[in-house]
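Chain residues, written in single-letter form:
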Protein chains: 2
Amino acid sequence: MKVAILGFGTVGVGVYEMLEKTPGLSPGPVLVRAGKVDAPYKTDDLDRIVSDPSVWAVCECMGGVEPAFTYAAAVLKAGKHLVTSNKALVAAKGPELAALAEASGAGFLFSAACGGAIPFLHNLQLAAESDDIQSLGGILNGTTNFMLDSMQTLGVDYADALREAQALGYAEADPTADVSGMDALRKIMLGCATAYNLLPTEGLCREGIESLTAADVKDLQSRRLVCRLLGRAGLTDSGRLFAYIQPVLVPDTAPESAVRKNFNLAYYVGKNAGLIRLMGQGAGRYPTASALLRDVCDLRRGARSMMRADCQRVEADNSLPVCRYYVRLPKDKADALRFESLIEDGETVRGITDTLPVIRMHAIAEKIRGEGCKLFFAALED
Amino acid sequence: MKVAILGFGTVGVGVYEMLEKTPGLSPGPVLVRAGKVDAPYKTDDLDRIVSDPSVWAVCECMGGVEPAFTYAAAVLKAGKHLVTSNKALVAAKGPELAALAEASGAGFLFSAACGGAIPFLHNLQLAAESDDIQSLGGILNGTTNFMLDSMQTLGVDYADALREAQALGYAEADPTADVSGMDALRKIMLGCATAYNLLPTEGLCREGIESLTAADVKDLQSRRLVCRLLGRAGLTDSGRLFAYIQPVLVPDTAPESAVRKNFNLAYYVGKNAGLIRLMGQGAGRYPTASALLRDVCDLRRGARSMMRADCQRVEADNSLPVCRYYVRLPKDKADALRFESLIEDGETVRGITDTLPVIRMHAIAEKIRGEGCKLFFAALED
C-alpha cells in the first residue's frame with residue numbers, strides 16, 4: 001500500500017524512512033514546494049498525488065493551517081485516507097475535515113498531533129467507545145516541560161532555560177506558541193473532540209510558564225512541590241465542557257514530577273477503567289513519525305475517523321472547576337484574592353488561596369497584569 | 001450486537017453491567033456452573049451460547065486453564081469472537097486458540113489479561129506492526145506492588161504487608177502466584193507473543209518478593225532506592241528472546257517509584273517511538289471489565305487476533321542481559337559473587353555486585369538457598 005507524504009521537513013523525512021521499512025507499506029510521491037523537486041519521487045503538484053490510484057493514504061506533515069487545509073481537503077475529497085500530525089490544522093478545521101472524510105468514506109486520523117509518540121488520542125477514542133471519559137489532560141508540551149525541568153533540577157532561570165531549549169532544538173526562535181500554553185491548548189482541544197465530540201473554541205483559559213522565576217522554583221522546592229504545565233478538560237456534572245491550561249504544582253513524589261526533560265504525560269479517567277496515564281516522547285522526527293505510521297497501520301486494520309462529522313464547536317465553561325492556587329504578587333495587590341496562608345518577602349507576597357474557579361483566577365491575573373504588575377500563579381491540587 | 005459471558009464472578013458481573021450501558025452492545029447469555037442458574041439470562045449449557053446466531057462475541061472471565069480452554073475452543077470453532085482476561089489460559093494455550101481463531105475467521109483478543117485497565121497489549125500489537133519493539137515489560141502485578149509500597153512507605157514487614165493486601169482483597173488466601181512472580185511472568189509471556197510472535201515457555205528466570213525484609217527496605221531507603229517487581233523481555237542483538245521477572249531497585253525519582261498502591265506500569269521501547277510507559281489499575285472488577293469491553297469495541301472496528309496462529313513456543317535466553325545486583329546474604333556465602341562494594345552487618349553482608357548475567361544471578365541464588373541460607377537480590381539499573 002502506497003502512502004504519499006505532504007511536506008518533507010523533520011517529520012516527513014522520518015515518515016518516508018519508516019514507510020520504506022514497514023512490511024506491506026511503501027512511500028508514495030512526496031509533495032514539496034515548487035523549486036524543491038530534486039528527486040523523481042518528489043512533486044510540487046498535489047494533483048499527481050490525489051489522482052494517483054496507487055496512493056492509498058496520505059500523511060500530512062506540513063504544519064500550519066494553510067495551505068495544509070486546502071491540500072488535506074483535496075485528499076479526502078479524492079477518497080484517500082488522511083493521517084496528520086498537524087494540531088493547528090485539526091484544532092482549526094477538524095470538523096470540516098471530518099465531514100469531508102465521512103462524505104467520501106475516507107479515514108481521518110491525527111493521533112500524532114497530540115503527545116507525539118504517545119498513543120493518546122487513539123486510546124482515548126477507544127475508551128470513549130467502551131467507557132465514560134470523565135476527564136483528560138496532561139503534560140502535552142515538551143518544550144515547556146524541558147524548561148521547567150531545567151529550572152527545577154539545575155536551578156537556572158527562565159531565560160537560561162529557554163536558551164538551552166533553543167540550543168537543543170526543543171524550542172523555536174519564537175517560542176511563544178509553546179511557552180504561552182497555546183500549543184498544549186490545541187492538543188487539549190483535540191482530546192475534547194475525540195472524547196466528547198465537542199471542540200472547545202471559546203471560553204478557554206490559558207496560562208503559560210512565562211511568569212515563573214528561579215525564586216519561585218526555589219520557594220516551591222522548599223514546599224516539596226514541582227511545577228508542571230498541565231492541561232485539563234472534562235465534563236461537569238451538568239454536562240458542560242471545561243478545558244484549560246495552567247501551571248500546576250504536584251508533589252515531588254507524583255508521576256507528573258517524574259516526567260523529565262522534554263517527555264510528555266497524557267491521561268484520561270474512565271468511569272470504569274479509572275485513571276490511565278501514558279508517558280513518552282512528545283515530539284521529534286522518529287517519535288512523531290512513529291505515531292503517523294501507527295495511525296496508518298490502524299487504518300489498515302479498519303480504524304476510520306477520530307473526529308465525527310457532527311463534532312460541535314462549543315464554548316468551554318471554566319466556572320465550575322475549582323482549585324486552590326499558589327500565587328506570587330505585589331503586596332499591594334494581595335487583597336484581590338483570599339489567602340489561606342501568606343508570606344511576605346519585601347514588596348512581594350507568596351500565598352495559598354482558598355478554592356476559587358479557574359476562570360476567576362485567570363481573570364484576576366489578567367486584571368493585575370493589566371495594571372502593570374507581575375504575578376505568578378499555579379494550581380495546587382490535593 | 002450480543003456479547004455472551006463465560007463466568008459470572010467479579011469480572012463477569014462487571015462486564016455484564018458495562019454491556020448494558022454501551023451503545024450498540026448488549027449482554028447475551030451468561031454461562032454459570034450447573035446449579036447456579038437462577039435467572040433467565042443464565043445457562044449452564046455452553047451449546048446454548050455457541051449455537052446462538054445472535055451471539056456475536058464471547059467474553060471469557062472464568063480463569064484457569066480448564067475448563068476455560070475447552071469452552072474457548074468451542075467458541076472459536078463456532079466462528080464467534082473470543083475476548084478473555086485469562087492470562088493462565090493464554091500463556092498455556094494461546095497458540096492453539098490463535099490457530100482456531102485463524103481457521104474460523106473469528107477474533108481473539110486478550111489485552112485484559114495483562115495490565116488490567118491499561119491498554120498495553122493493544123498498543124504493543126499496533127506498535128509491533130508500525131515500529132520495531134526493542135524491549136517491553138513493567139510492573140505487572142498489583143498485589144506485590146501494593147505490598148512493596150506498604151513496606152516502603154509504612155515501614156511494615158512482609159507478613160503485615162501481605163495480611164493487609166489480603167484484608168483489602170488484593171491478595172488471595174494462597175498468594176503464591178503473585179508473590180513468586182508467576183502471575184507477572186505469565187503477563188510477560190503474553191507481551192512476547194504479541195510483540196515478537198514468540199511465546200517463551202522455557203528458560204525463564206523468575207524471582208518474586210518473598211525474600212524482602214523490612215531491614216532490606218530500610219537499607220535501600222538510605223540509598224534512595226525503591227524496590228519494584230519488574231518483568232523485562234526483548235530481543236538480544238543476535239535475535240534471541242530474553243524474558244525474566246525480578247526485583248529491581250529504581251531511584252526514588254523514577255516513574256516506577258511513583259507507581260503506588262496496587263497500580264501497574266507497563267512499557268515498551270520502539271526503535272522510533274522510544275520509551276512508552278502506560279500506568280493504571282492492573283486489576284479489579286471495573287478496570288478489568290473495561291479492558292474486555294475495549295477489546296470488544298476494538299473487534300467492532302476491525303481488530304482481529306493479538307496472537308498469530310504460527311506463534312512459536314521458544315526457550316528464553318537470559319544469558320545476555322546483564323546487570324549489577326544488590327544482594328543481602330550470609331557472610332560465609334559472599335565469595336559466590338564478586339562485589340564492587342560490601343558492608344558487613346553481623347553475620348550478614350549487603351553489597352553491590354559487578355555486572356553479571358541475569359541467568360547467573362538467579363542460579364547462584366538458587367544454589368545458596370539450596371544450602372539452607374537466606375538471600376535477597378534485586379537488580380540495580382543505571
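Look a little higher up for the structure.
Report follows, based on the coordinates. (Residues numbered from 1 in each chain as written. Chains lettered and ligands numbered in written order. Predicted model: local features only at pLDDT ≥ 70, side-chain atom pairs only at ≥ 80, totals over all residues. Heavy atoms only, no water.)

Overview of the overall build of chain A
From N to C terminus, chain A includes 12 helices and 19 strands. Over its C-alpha trace chain A gives a radius of gyration of 22 Å, about what one expects of a compact globule, namely 21 Å for 382 residues. For the C-alpha atoms alone, the extent of chain A along its principal axes is close to 70 × 45 × 35 Å. In chain A, which comprises 382 residues, the share counted as buried stands at 62%. Counting only contacts in chain A whose residues sit at least 6 apart along the sequence, the fraction spanning at least 24 positions is 71%. Of the side-chain charges in chain A, 41 are positive and 46 negative, and the distance between the mean point of each set is 3 Å. (Helix = DSSP H or I, 4+ residues; strand = E, 2+ residues; numbered from the N terminus. Rg over C-alpha atoms; globule rule 2.2 N^0.38 Å. Buried < 20%, exposed > 50% of the residue type's maximum accessible area, 1.4 Å probe, protein only. Contact = heavy atoms within 4.5 Å. Lys, Arg positive; Asp, Glu negative; His and termini not counted. Charge placed at Lys NZ, Arg CZ, Asp CG, Glu CD.)

Looking at the nonpolar core
If you look at the biggest cluster of nonpolar residues, it comprises 213 residues, and the most contacted ones within it are Val15, Phe120 and Leu136 of chain A together with Val15, Phe120 and Leu136 of chain B. Beyond its immediate stretch of four places on either side in the chain, leucine 136 of chain B contacts Phe120, Leu124, Ile188, Gly191, Cys192, Ala195, Tyr196, Gly231, Arg232, Ala233, Tyr267 and Tyr268 of chain B. (Core = buried A, V, L, I, M, F, W, Y, C linked by side-chain atoms within 4.5 Å.)

Points about the interface of chain A and chain B
With 40 residues of chain A in contact, the opposing surface of chain B contributes 40 residues. Roughly 3,300 Å² of surface becomes buried between chain A and chain B when both sides are summed, with 55% attributable to carbon and sulfur atoms. Applying the counting criterion to the chain A and chain B interface returns 2 salt bridges. Put simply, aspartate 298 of chain A and arginine 301 of chain B hold a salt bridge, and the shortest N to O gap is 4.0 Å. Counting across the interface, chain A meets chain B through 6 residue pairs in polar contact (both at pLDDT 80 or more). Elements supplying a minimum of two residues to the side of chain A that touches chain B: α1 (10–21), α5 (120–130), β12 (263–270), β13 (274–281) and α11 (285–300) of chain A. Here the side of chain A that touches chain B gets 8 residues from one element, more than from any other, and that element is α11 of chain A. Bridge count between β13 of chain A and strand β13 (residues 274–281) of chain B: 3 bridges; the pairing is antiparallel. Considered in β13 of chain B, the bridge of leucine 278 of chain A is made with leucine 278 of chain B. (Buried area = accessible area lost by both parts, 1.4 Å probe. Salt bridge = Lys/Arg side-chain N within 4 Å of Asp/Glu carboxyl O. Polar contact = N/O pair within 3.5 Å; in protein donor to acceptor, adjacent residues only side chain to side chain. Pairing = 2+ DSSP bridges.)

Description of the sheet that holds strand β2 (residues 26–31) of chain A
Residue and element names in this part refer to chain A. Spatial strand order, β3-β2-β1-β4-β5-β6: 6 strands in an open sheet with parallel pairing. With one partner strand each, in any of the chains shown, β3 (42–43) and β6 (108–109) form the two edges of the open sheet. Relative to β3, β2 runs parallel, the two being bridged by 2 bridges. Bridge pairing in β3 places leucine 31 opposite threonine 43. Each of β1 (2–6), β2 and β4 (55–60) is contacted by α1, which is oriented at about 155 degrees to β2, the strand it contacts most. Here helix α3 (residues 68–77) sits on the sheet and contacts β1, β2, β4 and β5 (81–84); the angle it forms with β5, its principal contact strand, is near 150 degrees. (Axes fitted to C-alpha atoms, helices over the stretch in contact; angles between N-to-C directions.)

Some points on the side chain of threonine 353 of chain A
Take threonine 353 of chain A: it is sitting in strand β17 (residues 348–353). Those residues in contact with threonine 353 of chain A that sit more than four places away from it in its chain are Arg324, Tyr325, Val327, Leu337, Arg338, Phe339 and Glu340 of chain A.

A word on the pattern of salt bridges
Across all of its chains, the model carries 44 salt bridges over all chains by this definition. We note a salt bridge from aspartate 252 of chain A to arginine 224 of chain A, for which the minimum N-O separation is 2.9 Å. With a gap of 28 residues between them, aspartate 252 of chain A in the loop between β11 (241–251) and β12 and arginine 224 of chain A in the loop between α10 (214–222) and β10 (225–235) connect regions that are remote in the sequence. Judged by its relative accessible area of 30%, aspartate 252 of chain A is partly exposed. Shared partners join several salt bridges into a network, and the residues in it are Asp298 and Arg301 of chain A together with Asp298 and Arg301 of chain B.

Thoughts on the sheet that holds strand β5 (residues 81–84) of chain B
Paired through backbone hydrogen bonds, the strands of a sheet run either parallel or antiparallel to each other. Residue and element names in this part refer to chain B. In spatial order, the strands read β3-β2-β1-β4-β5-β6; together these 6 strands make up an open sheet with parallel pairing. Only two strands of the sheet have a single neighbouring strand rather than two, namely β3 (42–43) and β6 (108–109). Packed onto the sheet, helix α1 (residues 10–21) meets β1 (2–6), β2 (26–31) and β4 (55–60) and runs at close to 155 degrees relative to β2.

A closer look at helix α7 (residues 158–167) of chain A
Residue and element names in this part refer to chain A. For α7, every residue scored as buried is listed here: Tyr158, Ala161, Leu162 and Ala165. Seen from one end, α7 has its buried residues packed into an arc of 100 degrees, which puts them on one side. What points out from α7, more than 90 degrees from its buried face, is the exposed set Arg163 and Ala167. The inward-facing, buried residues of α7 contact α6 (142–154) and α8 (176–179). Positive backbone phi, at 85 degrees, marks glycine 169, one or two positions downstream of α7. (Arc of directions from axis to C-beta.)

Thoughts on the packing of aromatic side chains
Residue and element names in this part refer to chain A. Enumeration over the complete set of coordinates arrives at 16 aromatic pairs over all chains. Pairing phenylalanine 146 with tyrosine 170 gives two aromatic rings, centres 4.8 Å apart and planes at 65 degrees, and the pair type is edge-to-face. Here phenylalanine 146, found in helix α6, pairs with tyrosine 170, found in the loop between α7 and α8; they are 24 residues apart in sequence, far enough to count as distant. A ring pair is formed by tyrosine 325 and phenylalanine 377, whose centres lie 5.6 Å apart and whose planes are at 70 degrees; its orientation type is edge-to-face. Taken together, the positions of tyrosine 325 in strand β15 (residues 322–330) and phenylalanine 377 in strand β19 (residues 376–380) put the pair 52 residues apart, joining distant regions of the chain. Every member of this aromatic cluster is reached through a ring pair, and the members are Phe8, Tyr16 and Tyr41. Above the plane of the ring of phenylalanine 69 lies lysine 93, whose end atom (NZ or CZ) is 4.9 Å from the centre. (Phe/Tyr/Trp six-rings, centres within 6.5 Å; stacked < 30°, edge-to-face > 60°. Lys NZ or Arg CZ within 6 Å of the ring centre and 35° of its normal.)

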